[in-house]
Amino acid sequence: MRRHGVVAALAAVAAVVGPALAGCSTADDSSTSAPSQESRTEGQQQAEEDGGADPQGGRTETGQGERDDLLAFEVDDRSQAGFRDIWVTWTIKNQSSEKSNYSWEWEAVDPDGKRLYNSTEYVTDVQPGQTATGESPTTLRTPDVKINITGFERAKAY
């Protein structure tokens, strides 16, 4: 009998705390298209060249913030001989004044708006001013997708 009382008490706590915590989210549910080298604006490139700074959270930033550190994120079709081999490639440049770790969520969407794939990428220990490149395989069957960045975060690396 004591077991049922404990289970009932835990269920009551979960029923009260669960909805309360669900309402505490501050995440931005919007997504943006992934950048490519060609899509970078002239203003972003000029800010880099000028070394323009904008303090944000104790860091020195150029451009519009941490999201601008993701310079390129693209689909790379390496398929050959009838075998599908589609990867994503990226370039990150740490434009802050501190060593940083990056993580971002992304999705691949077909022309009809159907999400075909989603994943998370990680890059660690990027020094200020350093550029890091990377790649990751996917299970996509076509390179004809739009890539959306659904979340992006830069954190200080220790």
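Going by the structure above, here's the rest.
Before going into details, it helps to say that this report is about the structure given with it. (Residues numbered from 1 in each chain as written. Predicted model: local features only at pLDDT ≥ 70, side-chain atom pairs only at ≥ 80, totals over all residues. Heavy atoms only, no water.)

Topic: the overall build of the protein chain
- The helix and strand inventory of the protein chain stands at two helices and nine strands.
- Of the regular secondary structure in the protein chain, the N- to C-terminal order runs α-β-α-β-β-β-β-β-β-β-β.
- Buried positions account for 32% of the 158 residues belonging to the protein chain.
- Taking contacts inside the protein chain between residues at least 6 apart in sequence as the whole, the part at least 24 apart equals 68%. (Helix = DSSP H or I, 4+ residues; strand = E, 2+ residues; numbered from the N terminus. Buried < 20%, exposed > 50% of the residue type's maximum accessible area, 1.4 Å probe, protein only. Contact = heavy atoms within 4.5 Å.)

Things to note about the nonpolar core
- Among the nonpolar cores identified, the biggest contains 19 residues, and Leu-70, Phe-73, Trp-90, Ile-92, Trp-104, Trp-106 and Val-123 are the most heavily contacted of them.
- Sorting the residues of this core by element identifies β4 (70-77), β5 (86-93), β6 (100-109), β7 (115-126) and β9 (146-156) as the ones contributing at least two each.
- Residue contacts for Ile-92: discarding those within four places in its chain leaves Asp-69, Leu-70, Tyr-102, Trp-104, Val-123, Gln-130, Thr-131, Ala-132 and Phe-152. (Core = buried A, V, L, I, M, F, W, Y, C linked by side-chain atoms within 4.5 Å.)

A look at the pattern of salt bridges
- Tallied over the entire structure, the rule returns six salt bridges.
- We note a salt bridge from Glu-98 to Lys-156, for which the minimum N-O separation is 3.9 Å. Of the two residues, Glu-98 is situated in the loop between β5 and β6 and Lys-156 in strand β9; the sequence distance between them amounts to 58 residues.
- Residue Arg-115 is joined to Glu-107 by a salt bridge in which the shortest nitrogen-to-oxygen separation is 3.8 Å.
- Given the relative accessible area of 15%, Glu-107 is considered buried.
- Here the salt bridges do not stand alone but share partners, grouping Asp-76, Arg-78 and Glu-135 into one network. (Salt bridge = Lys/Arg side-chain N within 4 Å of Asp/Glu carboxyl O.)

Some remarks on the sheet that holds strand β8 (residues 131-137)
- Across the sheet, which stays open at both edges, the three strands sit in the order β4-β5-β8 with antiparallel pairing between neighbours. Since the sheet does not close on itself, it has two edges, and those belong to β4 and β8, each with one partner. Neighbour-to-neighbour, the strand axes of the sheet open up by a mean angle of 15°, direction not taken into account.
- By the bridge criterion, seven bridges tie β4 to β5 in an arrangement that is antiparallel. What sits directly across from Ala-72, in β5, is Thr-91. (Pairing = 2+ DSSP bridges. Axes fitted to C-alpha atoms, helices over the stretch in contact; angles between N-to-C directions.)

Concerning the environment of Ile-149
- Tracing the sequence through the fold places Ile-149 in strand β9.
- Given a relative accessible area of 3%, Ile-149 falls into the buried group.
- When the C-alpha positions of Ile-149 and Trp-104 are compared, they lie 7.1 Å apart, and in sequence the two are 45 residues distant.

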